[in-house]
Amino acid sequence: MESTIYGYIRVSTKEQCEERQLIALREFPVPGKNIFMDKLSGKDFNRPQYKKLLRKLKRGDIVVLDMPLLDARQTGRDLTGTFVADLVLQILSYVAQTERENIRQRQMEGIAAAKLRGVQFGRPRKPVPESFFDLKERWERKEISSRQAAKELHIAQDTFLRWVHEQGICAGKK
């Protein structure tokens, strides 16, 4: 399994300089696109870039540079190092999975609330044109295919067949 190298930088205030951490990550080397940075207090983990990093992590990725026991590359060198590195990866995976589940739950709740307010999702349905009924009858008589009918109506074949089904005519003919 190929590992990806990620770096995370956090400074407590916008006035603090992240340059020292950035230099260390670049020398490691961590690709610029894999460096995540927050300029926020360390009081909690409500950090946008940190959360984004957690969502990207997978087993074997390298994240912690200045704490050798937590460096996932050290696995296999000694039992304690292997145990701690695996434990940290499991914890990070758990946190990332929990955050994904929380996001999904909040999204479902938001969609449900919007639907209660009458918000319509998706593209508005196309109205069934009058010419559909003639083409449908021709299709029922096998004079044209559903694909030909759809082409004449300038719609997808699936849309034509859905309209046929919704009209409740020709049940079983699809």
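Residues numbered from 1 in each chain as written. Predicted model: local features only at pLDDT ≥ 70, side-chain atom pairs only at ≥ 80, totals over all residues. Heavy atoms only, no water.

## Re the overall build of the protein
- For the protein, the count of helices and strands is six helices and two strands.
- Out of the 174 residues belonging to the protein, those deemed buried represent 29%.
- In the protein, the proportion of contacts linking residues at least 24 apart, taken out of those at least 6 apart, comes to 53%.
- A total accessible area of about 12,400 Å² is found for the protein, and carbon and sulfur atoms account for 54% of it. (Helix = DSSP H or I, 4+ residues; strand = E, 2+ residues; numbered from the N terminus. Buried < 20%, exposed > 50% of the residue type's maximum accessible area, 1.4 Å probe, protein only. Contact = heavy atoms within 4.5 Å. Areas by Shrake-Rupley, 256 points an atom, 1.4 Å probe, with all protein chains shown as cover.)

## Some remarks on helix H6 (residues 157-166)
- Three or more residues of H6 are buried, namely Thr159, Phe160, Leu161, Trp163 and Val164.
- Of the residues flanking the end of H6, it is Gly168, one or two places downstream, whose phi is positive at about 70 degrees.

## Here we look at unusual backbone geometry
- Here the amide bond leading from Phe28 into Pro29 is cis, since omega sits at 5 degrees, within 30 degrees of zero.
- Secondary-structure assignment places Pro29 in the loop between helix H1 (19-27) and strand E2 (35-39).
- In the Ramachandran plot, Lys142 falls in the positive-phi region, its phi being about 65 degrees despite a non-glycine side chain.
- Summarising the element assignment, Lys142 is placed in the loop between helix H4 (131-140) and helix H5 (146-153).
- The class for Lys142 is exposed, based on a relative accessible area of 67%.
- Here His154, not a glycine, exhibits a phi torsion of approximately 60 degrees, which is positive.

## A short note on the pairing of E2
- As paired elements, strand E1 (residues 7-11) and E2 share five bridges and run parallel to each other. Bridge pairing in E2 links Arg10 to Asp38.
- Handedness of the crossover joining E1 and E2 through H1: right-handed. (Pairing = 2+ DSSP bridges. Right-handed = clockwise from strand over helix to strand, strands pointing away.)

## Digging into the confidence of the model for the protein
- On average, residues of the protein carry a pLDDT of 83, and 84% of them reach 70 or more.
- In the predicted structure, residues 170-174 sits below a pLDDT of 50 and forms six contacts with residues beyond four places in sequence or in another chain. (pLDDT = per-residue confidence, 0-100.)

## Comments concerning a positive patch on the surface
- A grouping of Lys33, Lys52, Arg55, Lys56, Arg100 and Arg104 is seen on the molecular surface, where their side chains present a positively charged patch.
- Elements with a minimum of two residues in the positive patch: helix H2 (48-56) and helix H3 (79-116).
- Here the element with the most residues in the positive patch is H2; it accounts for three residues.
- Following the sequence through the fold, Arg104 ends up in helix H3. (Patch = residues over 30% accessible without salt bridge, like charges linked within 9 Å, V, L, I, M, F, W, Y side chains within 5 Å. Salt bridge = Lys/Arg side-chain N within 4 Å of Asp/Glu carboxyl O. Lys, Arg positive; Asp, Glu negative; His and termini not counted. Charge placed at Lys NZ, Arg CZ, Asp CG, Glu CD.)

## Focus on the environment of Ala114
- You can see Ala114 is positioned in helix H3.
- For Ala114, a relative accessible area of 7% puts it in the buried group.

## Considering H1
- Turning to H1, its buried residues number three or more, namely Gln21, Leu22 and Leu25. Looking straight down H1, one finds its buried side chains confined to an arc of 100 degrees; they lie on one side. H1 presents Arg20 and Glu27 as exposed residues on the side facing more than 90 degrees away from its buried surface.
- Packed against the buried residues of H1 are E1 and E2. (Arc of directions from axis to C-beta.)

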